[in-house]
Amino acid sequence: MTDLMQVLASGVLMGLVYALISLGLTLIWGVVEIVNFAHGDFLMLAMYLAFTIYAAFHLDPLISLPLVVIALAIFGVIIHKFVIRPVLKAPMLAQIFVTFGLMIFLRGMAQFIWGPDYKAIPDPLVSGSVQIGGVYLSLPQMVAGVGSVLGAAIIAWIVYRTELGRGLRAVAEDREAASLMGISPEKMYIATWALGAGSLGIAGALLVNFFYVFPEVGGVFGLLAFVTVALGGFGSVAGAFIAGIIIGLVQMSAGFFIDPAIKDIPVYLIYLLVVVLRPQGLLGEF
Amino acid sequence: MLVVDKLSVSYDEAPALRDVSLEVTQGELVAIIGANGAGKSTLLKAIAGLLHPDAGSIRFDGQELAGRPPYEIVGMGLALTPEGRRLFSRMSVYENLLVGATPNRDQEARQALMKEVFDLFPRLKERQKQKAGTLSGGEQQMLAIGRSLMSQPRLLMLDEPSLGLMPLLVDQILETLQRLNQERGMTILLVEQNVREALEIAHRGYVLQSGRIVAADDANTLLHSDLVRRAYLGI
Ligand SMILES: Nc1ncnc2c1ncn2[C@@H]1O[C@H](COP(=O)(O)OP(=O)(O)O)[C@@H](O)[C@H]1O
Ligand SMILES: [Mg+2]
């Protein structure tokens, strides 16, 4: 029973982080209509950035988080302007090659700058665990879970409650109609990349407290984000949130009850089932 | 107010409009009629900035529009209610209206405009929290028009606002446009396939055939002309 509670608790906490990570992916897909294969590698950059700020200035990732968010947002906008924009009207295949190429480039760059080995924050501000009713919860994971909920809430608030968000949703639903209403799609694209990459700044700074960072770490999270988005429904904010938690739970249960080495297999199984049985995901679009 | 001069537009080499000239003066209700595929939508899209003309000019209050993006043109006071309504179906009625108000940043002005739209279409007020996609066809068209009015246009262009509506609703929508024109002085450029109804409410009309203007006259004269009677009214 406590085992189950333990698994559920850590599954939900990780799932919340996956949810936040996949929000950016789903937003970029929904508004800009680009599948960003380098999404996980943006996260990798955020983790390295938080790690580097720590290594250089001994500033904890939880404190440098706003800086990392701003840096990632700016990075996202730069990528849009110089990498994505030129292929916006190109065929889908060209777009896939571009974001795939970006992924490979970012991994190579990380390898070059930080080397191939695993890095971790040796003494994070928040560490250890608390025991609640027989269940041990890792404090950094709890901070990451709560932080991800806050991050996701801010994004959901922007998307559903502000003028900017209305513009984003309008462009996502009908770009031409939105432009007839006075909305510049390009401005919405820029905002989307800033939001999508910025949210990875939050996730990266939270994750690096308890997860190793290495050049390929984006592969792990990027793939999970794709599964989450596919399960939740491409373009759906609420769907990404629910799906993130489901993925976290499945992953942790499989890791605990079967074998940690195969914890991702049921996740990909879900992905295949969704693609075959319900390609639109759990919830349609946002 | 609007002067279109020798406008030519094509889709990948295939010409859709050739040397189209037309004019709309302040306070007028002008109708453009023509068969399916004549180029009516192409003309309105080019004026609204969705299509780039090959040649010719589009002047609105003396300013050249050709080459400007649609989101700038609507800010200048020229709105298009597109064919097929193109509502944001996943947003509420209220949100659709707010999106329409994008060029108008002043919150108080927005609320005042919203009230005007609700006065014109009380149904929208009742359904303001409902998703646009759940409205009936007639209500959707009201919302499409209301959404355009939220940008406070000086010239409103409508592309087949009666498309897909029952005859009773067609009359209602066209009557509303006439009221907008007569009571609120809204200048209107209307594209319609309901030739008789459109010419009955319009001051002037143009007939578009295969991308060219083939007739331009008082609406009443057009309505009784051989060309219109034979080609569009089947008399
Ligand atoms: N997106 C497009 N691409 C290519 N040809 C088009 C496109 N839209 C319209 N056309 C062609 O341009 C002509 C005019 O179309 P349109 O302006 O939509 O006519 P109308 O609105 O009068 O029915 C038609 O021959 C149509 O086939
Ligand atoms: Mg048309």
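Residues numbered from 1 in each chain as written. Chains lettered and ligands numbered in written order. Predicted model: local features only at pLDDT ≥ 70, side-chain atom pairs only at ≥ 80, totals over all residues. Heavy atoms only, no water.

Peer 1: So what exactly am I meant to see when it comes to the coordination of the magnesium ion (ligand 2) here?
Peer 2: Perfect tetrahedral coordination of a metal by four donors corresponds to 109.5 degrees between them, and perfect octahedral coordination by six donors corresponds to 90 or 180 degrees. All names here are of chain B. Within the first shell, the magnesium ion (ligand 2) binds the protein through S41 (OG) and E83 (OE), at distances of 2.0 to 2.3 Å. Of this pair, S41 sits in helix 1 (residues 40-48) while E83 sits in the loop between strand 6 (78-81) and helix 3 (93-100), and the two are 42 residues apart along the sequence. Residue classification places S41 among the buried residues on the basis of a relative accessible area of 19%. (Donors = N, O, S within 2.8 Å, 3.2 Å for Na, K, Ca; no water. Helix = DSSP H or I, 4+ residues; strand = E, 2+ residues; numbered from the N terminus. Buried < 20%, exposed > 50% of the residue type's maximum accessible area, 1.4 Å probe, protein only.)

Peer 1: Where do I start with the domain arrangement of chain B in this structure?
Peer 2: The parts lose accessible area when they come together, and the size of an interface is often stated as this lost area. All names here are of chain B. With domains assigned, chain B is organised as domain 1 (2-77 + 153-231) and domain 2 (89-150). Listed as interface residues are 16 residues of domain 1 and, on the opposing side, 12 residues of domain 2. Taken together, the two surfaces of domain 1 and domain 2 that pack against each other cover about 1,100 Å², and 75% of this comes from carbon and sulfur. The tally of links from domain 1 across to domain 2 stands at 1 salt bridge. The closest approach of N and O atoms between E116 and R184, which form a salt bridge, is 3.5 Å. At the boundary of domain 1 and domain 2, one finds 0 residue pairs in polar contact (both at pLDDT 80 or more). Every element with two or more residues in the side of domain 1 that touches domain 2 is listed here: helix 2 (70-75), strand 7 (155-159) and helix 7 (167-184). (Domains from an automatic or database assignment. Contact = heavy atoms within 4.5 Å. Buried area = accessible area lost by both parts, 1.4 Å probe. Salt bridge = Lys/Arg side-chain N within 4 Å of Asp/Glu carboxyl O. Polar contact = N/O pair within 3.5 Å; in protein donor to acceptor, adjacent residues only side chain to side chain.)

Peer 1: Would you take a moment to explain the interface of chain B and chain A for this structure?
Peer 2: Counting residues at the interface gives 23 residues for chain B and 19 residues for chain A. At the boundary of chain B with chain A, the tally comes to 5 salt bridges. Taking the shortest distance from any N to any O, the salt bridge between E176(A) and R86(B) comes out at 3.2 Å. Taken together, the links from chain B to chain A amount to 7 residue pairs in polar contact (both at pLDDT 80 or more). Taken together, the elements giving at least two residues each to the side of chain B that touches chain A come down to helix 1, helix 2 and helix 3 of chain B. No other element matches the 4 residues that helix 3 of chain B contributes to the side of chain B that touches chain A. Its residues assigned to classes, the side of chain B that touches chain A shows 13 nonpolar, 3 polar and 7 charged. (Nonpolar A, V, L, I, M, F, W, Y, C, P; charged D, E, K, R; others polar.)

Peer 1: Explanation requested: the pairing of strand 1 (residues 2-11) of chain B in the structure shown.
Peer 2: Look at any regular strand and the pattern is simple: side chains alternate between the two faces of the sheet. Residues and elements named next belong to chain B. Pairing analysis gives 7 bridges linking strand 1 to strand 2 (residues 14-24), with the strands arranged antiparallel. Paired with L7 across the strands is V20, a residue of strand 2. Taking the residues that link successive antiparallel strands as the turn, the strand 1-strand 2 hairpin has 2 residues, and the phi of D12 there is positive, at about 40°. Note that strand 1 and strand 4 (residues 55-60) share 5 bridges and pair antiparallel. Paired with V4 across the bridge in strand 4 is I58. (Pairing = 2+ DSSP bridges.)

Peer 1: How do you make sense of the site of ligand 1 when you look at a structure like this?
Peer 2: Residues and elements named next belong to chain B. Taken together, Y11, A16, A35, N36, G37, A38, G39, K40, S41 and T42 make up the full set of residues near ligand 1. Within the side chain of N36, an N or O atom sits 3.4 Å from an oxygen atom of ligand 1. The separation between an oxygen atom of ligand 1 and a polar main-chain atom of K40 is 2.8 Å. Within the complex, the protein chains bury 57% of what would otherwise be the 550 Å² of accessible surface of ligand 1. (Near = heavy atom within 4 Å. Areas by Shrake-Rupley, 256 points an atom, 1.4 Å probe, with all protein chains shown as cover.)

Peer 1: Is there a simple way to explain helix 4 (residues 107-120) of chain B in this structure?
Peer 2: Side chains three or four residues apart in an α-helix point the same way, a direct result of the helix having 3.6 residues per turn. With 14 residues, helix 4 of chain B extends 20 Å between its outermost C-alpha atoms, agreeing within 8% with the 20 Å of an ideal straight helix rising 1.5 Å per residue. All of the buried residues along helix 4 of chain B are R110(B), L113(B), M114(B), V117(B), F118(B) and L120(B). Buried positions in helix 4 of chain B, seen along its axis, are confined to an arc of 155° and lie on one side of it. Along helix 4 of chain B, exposed side chains directed more than 90 degrees from the buried face belong to E108(B) and K115(B). In the core, the buried residues of helix 4 of chain B are packed alongside helix 6 (163-173) of chain A together with helix 3, helix 5 (122-126), helix 6 (137-149) and helix 7 of chain B. (Expected span 1.5 Å × (residues − 1). Arc of directions from axis to C-beta.)

Peer 1: Even after reading the chapter, I still don't get empty space enclosed by the protein, so can you show me in this structure?
Peer 2: The gaps of empty space that remain are located by a probe, the size of a water molecule, rolled over the atoms. Residues and elements named next belong to chain A. Scanning the entire structure with this criterion turns up 1 cavity of 30 Å³ or more. Put simply, the largest cavity is a space of about 40 Å³. Around the largest cavity sit W29, E33, I34, V35, M92, Q95 and I96, which together line it. With 3 residues, the top contributor of residues to the lining of the largest cavity is helix 4 (residues 92-114). Classifying every residue of the lining of the largest cavity gives 5 nonpolar, 1 polar and 1 charged. (1 Å grid on protein atoms, 1.4 Å probe; cavity = no way out; pocket = protein on both sides within 12 Å on 5 of 7 lines; lining within 4 Å. Points joined across faces, edges and corners; volume = space filled by probe spheres on them.)

Peer 1: I keep staring at the nonpolar core and nothing clicks. Help me out?
Peer 2: Nonpolar side chains in soluble globular proteins tend to end up buried together. Among the nonpolar cores identified, the biggest contains 116 residues, and F42(A), L2(B), I47(B) and L189(B) are the most heavily contacted of them. At 12 residues, the largest contribution of residues to this core is made by helix 8 (residues 185-207) of chain A. Look past the residues within four positions of L2(B) in its chain and what remains in contact with it is L22(B), E23(B), V24(B), I47(B), I58(B), R59(B), F60(B), L78(B), L155(B) and L189(B). Core analysis: the second largest hydrophobic core is formed by 50 residues, L98(B), L113(B), F121(B) and M150(B) among them. (Core = buried A, V, L, I, M, F, W, Y, C linked by side-chain atoms within 4.5 Å.)

Peer 1: Would you mind showing me how to read the confidence of the model for chain B here?
Peer 2: When pLDDT drops low, the exact placement of atoms in the prediction is not to be read closely. Of the residues in chain B, 100% have a pLDDT of 70 or more, and the chain-wide mean is 96. Reported for the predicted complex are a pTM of 0.94 and an ipTM of 0.96. (pLDDT = per-residue confidence, 0-100.)

Peer 1: Before we go on, may I ask you to explain the side chain of N104(B) in this structure?
Peer 2: Residues and elements named next belong to chain B. With respect to the helices, strands and loops of the structure, N104 is situated in the loop between helix 3 and helix 4. For N104, a relative accessible area of 11% corresponds to the buried category. In this structure the side chain of N104 is engaged in a polar contact, spanning 3.0 Å, whose partner is the side chain of Q152. Leave out the neighbours within four places in its chain, and N104 touches A109, R110, L113, M150 and Q152.

Peer 1: Which parts of the structure should I look at to understand the sheet that holds strand 5 (residues 63-64) of chain B?
Peer 2: Two strands in a sheet stick together by hydrogen bonds in their backbones, pointing the same way (parallel) or opposite ways (antiparallel). Residue and element names in this part refer to chain B. Reading across from one edge, 2-1-4-5 is the order of the 4 strands in this open sheet, with antiparallel pairing throughout. Both edges of this open sheet fall to strand 2 and strand 5, since each of them pairs with a single strand only. Bridge count for strand 4 against strand 5 is 2 bridges, and the pairing is antiparallel. Following the sheet pairing, F60 is matched in strand 5 by Q63. Contacts from helix 1 reach strand 1, strand 2 and strand 4 within the one sheet, and its direction differs from that of strand 1 by about 115°. (Axes fitted to C-alpha atoms, helices over the stretch in contact; angles between N-to-C directions.)

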